[in-house]
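# Report on the structure
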Amino acid sequence: MHVDLDYFYAQCEENANPSIRGKPVVVCVYSGRTEESGAVSTSNYLARKYGVKAGIPIVRARKLLESIDAAFLPMNRPYYDQVSARIMEILRAHGDAYERMSIDEAFLDISDRTNLNYDTARDTAREIKNQLFTEEHITCSVGVAPNKVVAKIASDQTKPDGLTVVKPEEVTGFLSPLPVGRIPGVGVKAEERLTQLNVSTIAELSALDPTVLVEIFGKSLGSYLYQASRGENDEPVKEREQPTQFSRIATLKQNTRKLEEILPLLEELATSVAEKTKANGMTCRSIGIIAILTDLSMHSKSKTLESSTSDGSVIESSSKQLIEELLQSMPDAVLRRVGVRVSDLMKTTGQTDISKFLTT
Ligand code: DCP
Ligand code: CA
Ligand code: CA
């Protein structure tokens, strides 16, 4: 099963501000340098009707929605991280194995718990969709199929709030008419190369000689494409390799060394990193800050805690303390970018966080 949350950042914003419901919603990444400079992070489906989608300049989105009552909101990543972390916990519980792919996507292996019965799998998918909606008011699109590649293509088939089940005997018929660009990993460049070969659908791709594909795309992508076009893929669903650190870095609204101008951004980054740590079911023992100065030189400072934590307030207060120390030690430093990094990570699953016992 592949689960992809619908218009995720924009849906989070609709939940946080019910008054914008029913309007086009545009989540913006303001670069901060001029008032309206920056790009659209994502938009709800209403805004997409007007051509407003991820990646376009905010200025262009404003034009497209000129006479419309639309909501333009700044991206609030720490908030989406929190929602995502809760949703991922729900998803994880529904799989024999679970693999988080991004802030809004995960694979679940449900082979054992459904006994490979696709009707049971459909029920499981409905149950998950209901639970996400009841508990988090978030809709998602789900694909169920014999393997990861087909499941991912299936979740993309009907959006938003979709559920597409592709049984083994339906795989070929499902894939055949789809454009090759629907195969995960086929980007604009690969698509162009395939167009030159007169290949636009997955059926046409599956008719190509595998040696030709390997010649053009190399052994790894070439043989993956050959198999994917036949609906074949044997990658297991597995938890990602444990990360060793999490960090977030961002540009300040203006170059500065004033604490009151640095701290709001630093707090936001610390919260986001804390959520990411929690979302991965981990705690950290080392907290650090990163400062990039106006001359683009990079400086960092870190400290080791007495006990492991994923508590946002601890990460925040440590980051503040570190940035103060850094500014004191560098009286001429003017900051352009600032970041927070946690490392010395530990998995918490099944383990009681001993810092709980040390706080009172
Ligand atoms: N995102 C971003 N910039 C992009 C693409 C995505 O910041 N160019 C962020 C915002 C999205 C989130 O990642 O909400 C998930 O990306 P998706 O591609 O899954 O897009 P959405 O969830 O927004 O929409 P969809 O309903 O099409 O899945
Ligand atoms: Ca999505
Ligand atoms: Ca996604």
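Above: the structure in question.
What comes next concerns the included structure. Being a predicted model, the structure only gives us computed values, none of them experimental. (Residues numbered from 1 in each chain as written. Chains lettered and ligands numbered in written order. Predicted model: local features only at pLDDT ≥ 70, side-chain atom pairs only at ≥ 80, totals over all residues. Heavy atoms only, no water.)

Attention shifts here to the overall build of the protein chain. When helices and strands are tallied, the protein chain shows 14 helices and twelve strands. Dimensions of the protein chain, computed from C-alpha atoms along their principal axes, come out at roughly 65 × 55 × 50 Å. Expressed as a percentage of the 360 residues in the protein chain, the buried residues total 45%. The contacts of the protein chain with a sequence gap of at least 6 include a subset with a gap of at least 24, amounting to 61%. Split by element, the accessible area of the protein chain, about 18000 Å² in all, is 49% carbon and sulfur. Mean positive and mean negative side-chain charge positions of the protein chain (43 and 49 charges, respectively) differ by 4 Å. (Helix = DSSP H or I, 4+ residues; strand = E, 2+ residues; numbered from the N terminus. Buried < 20%, exposed > 50% of the residue type's maximum accessible area, 1.4 Å probe, protein only. Contact = heavy atoms within 4.5 Å. Areas by Shrake-Rupley, 256 points an atom, 1.4 Å probe, with all protein chains shown as cover. Lys, Arg positive; Asp, Glu negative; His and termini not counted. Charge placed at Lys NZ, Arg CZ, Asp CG, Glu CD.)

This paragraph deals with unusual backbone geometry. The peptide bond linking Lys159 to Pro160 adopts the cis configuration, its omega dihedral lying at -5 degrees. Topologically, Pro160 is positioned in the loop between α7 (148-155) and β8 (163-165). Unusually for a residue other than glycine, Asn198 sits at a positive phi of about 70 degrees. Here Asn198 lies in the loop between α9 (188-196) and α10 (202-206). In this structure Asn198 comes out as exposed when scored by relative accessible area, which is 68%.

Binding of the calcium ion (ligand 2) to the protein goes through Asp4 (OD), Leu5 (O) and Asp104 (OD), at separations of 2.1 to 2.2 Å. Sequence spacing among the residues donating to the calcium ion (ligand 2) works out to D-L-x98-D. Using a relative accessible area of 14% as the deciding quantity, one classes Asp104 as buried. (Donors = N, O, S within 2.8 Å, 3.2 Å for Na, K, Ca; no water.)

Taken in spatial order, the five strands of this open sheet run β5-β6-β1-β7-β8, and their pairing is mixed. Both edges of this open sheet fall to β5 (97-102) and β8, since each of them pairs with a single strand only. Neighbouring strand axes in the sheet, compared pairwise and without regard to direction, differ in orientation by 15 degrees on average. Where β5 meets strand β6 (residues 105-109), five bridges bridge the pair, whose relative direction is antiparallel. Opposite Ala97, over in β6, you have Asp109 as the bridge partner. Where helix α4 (residues 77-93) meets the sheet, its contacts fall on β1 (2-5), β5 and β6, and the angle it forms with β5 comes to roughly 155 degrees. Strands β1, β5, β6, β7 (140-144) and β8 of the sheet are contacted by α7, whose axis makes an angle of about 145 degrees with β7. (Pairing = 2+ DSSP bridges. Axes fitted to C-alpha atoms, helices over the stretch in contact; angles between N-to-C directions.)

Next up on the list: α7. Most of α7 sits inside the fold, with seven of its eight residues counted as buried. Inspection of α7 places Lys148, Val149, Val150, Ala151, Ile153, Ala154 and Ser155 among the buried residues, and these make up the whole buried set. The backbone nitrogen of Val149 has a side-chain oxygen 3.2 Å away, supplied by the residue at the start of α7, namely Asn147. (Polar contact = N/O pair within 3.5 Å; in protein donor to acceptor, adjacent residues only side chain to side chain.)

Turning our attention to the site of ligand 1. Residues in close proximity to ligand 1 total 13 residues, the closest being Tyr7, Ser41, Thr42, Tyr45 and Arg48. Between ligand 1 and Phe8, the relevant distance is 3.0 Å, taken from an oxygen atom to a main-chain nitrogen or oxygen of the residue. Relative to its unbound accessible area of 550 Å², ligand 1 is 67% covered by the protein chains. Those elements that provide at least two residues to the shell around ligand 1 are β1, α1 (8-16), β3 (38-43) and α2 (45-49). (Near = heavy atom within 4 Å.)

Moving on, we get to the sheet that holds strand β2 (residues 25-30). On the basis of which strands lie adjacent, the open sheet formed by three strands has the order β3-β2-β4 and mixed pairing. In this open sheet, the two edge strands, each paired with only one partner strand, are β3 and β4 (71-74). Each strand of the sheet is rotated relative to its neighbour by a mean of 35 degrees, with strand direction disregarded. Strand direction decides the pairing type here: β2 and β3, joined by five bridges, are antiparallel. For Val29, the partnering residue across the bridge sits in β3 and is Ala39. Contacts from α1 reach β2, β3 and β4 within the one sheet, and its direction differs from that of β2 by about 110 degrees.

A word on the pattern of salt bridges. Applying the stated criterion across every chain, the model contains 20 salt bridges. Salt-bridge contacts for Lys159 lead to Asp4; the nearest nitrogen and oxygen are separated by 3.5 Å. A residue pair is termed long-range when its members are at least 10 positions apart, and Lys159 in the loop between α7 and β8 and Asp4 in strand β1 qualify at 155 residues. Take Lys159: its relative accessible area is 30%, and that puts it in the partly exposed class. A salt bridge links Arg62 to Glu36; the shortest N-O distance between them is 2.7 Å. Of the two residues, Arg62 sits in helix α3 (residues 58-64) while Glu36 sits in the loop between β2 and β3, which places them 26 residues apart along the sequence. (Salt bridge = Lys/Arg side-chain N within 4 Å of Asp/Glu carboxyl O.)

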